[in-house]
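Structural description and commentary
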Amino acid sequence: MKYIVSWTLPPASYNAAVARFLETGGAPPQGVEMLGRWHGMNGQGFAITESSDAKAMFLFQAQWADVIAIVVTPCVEDADAGAVLATLGKR
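Figured I'd write up the structure that's included with this text. This is a predicted model, so every value here is computed, not measured.

**What to know about the overall build of the protein**
Across its full length, the protein carries three helices and four strands. Secondary structure elements of the protein occur, N-terminal to C-terminal, as β-α-β-β-α-β-α. In summary, the protein has a C-alpha radius of gyration of 16 Å against a globular reference of 12 Å for 91 residues, an excess of more than 25%. By principal-axis analysis of the C-alpha atoms, the protein measures approximately 50 × 30 × 20 Å. Counting all 91 residues of the protein, 22% fall into the buried class. Considering only intrachain contacts with a sequence separation of at least 6, the fraction spanning at least 24 residues in the protein is 70%. One way to put it: in the protein the 6 positive side-chain charges average out to a point 8 Å from where the 8 negative ones average out.

Shown next, in the form of structure tokens:
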């Protein structure tokens with residue numbers, strides 16, 4: 001399953017978050033594949049990850065929760081979303 005991981009970097013934890021990112025590269029734990037990551041110039045960013053292990057995704061979130069406000073959202077691609085929506089019929 002793919003996940004959208006979005007975050008906001010609070011000014012109060014900026015230095016701690018930068019130090020951790022530079023030390024670790026922001027690498028996810030085993031069981032989570034980073035497909036791409038983007039950093040905005042406004043203290044926000046997002047990544048697309050893939051994992052079949054919800055506990056590994058929870059660990060990834062928990063490793064950063066003390067320095068950034070992070071939200072992890074399961075997502076589907078267009079083809080899968082279209083297949084589901086096609087089953088709904090007309091409204």
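Picking up after the structure, the text goes on.
**Considering the packing of aromatic side chains**
Under the criterion given, the structure shown has one aromatic pair. Stacked on the ring of Trp64, the Lys or Arg Arg20 has its end atom at 5.4 Å from the ring centre.

Rules and cut-offs
- Residues take numbers from 1 onward in each chain, read along the sequence in its written order.
- Selection of residues for local features in this predicted model requires a pLDDT of at least 70, selection of side-chain atom pairs for listing and counting requires 80 or more, and totals for whole chains, interfaces and linings are taken over all residues.
- Side-chain numbers come from the whole structure's heavy atoms, not from hydrogens or water.
- Per the convention used, a helix needs a DSSP run of H or I reaching at least four residues, while a strand needs a run of E reaching at least two, with both numbered from the N terminus.
- Put simply, the radius of gyration uses C-alpha atoms, and a globule should come to 2.2 Å times the residue count raised to 0.38.
- Exposure is judged per residue with a 1.4 Å probe applied to protein chains only, and the accessible area is read against the type maximum: over 50% gives exposed, under 20% gives buried, and values in between give partly exposed.
- Residue contacts follow a heavy-atom distance rule, with two residues in contact if any of their heavy atoms lie within 4.5 Å.
- When charges are counted, Lys and Arg contribute as positive and Asp and Glu as negative, whereas His and the chain ends are disregarded.
- Here the site of a charge means atom NZ of a Lys, CZ of an Arg, CG of an Asp or CD of a Glu.
- The pairing test for Phe, Tyr and Trp rings, Trp by its six-membered ring, is centres within 6.5 Å, and the orientation test on the planes gives stacked under 30 degrees, edge-to-face over 60, and tilted for anything in between.
- Only Lys NZ and Arg CZ are tested; either one counts as a charge over a ring when it is within 6 Å of the ring centre and within 35 degrees of the ring normal.

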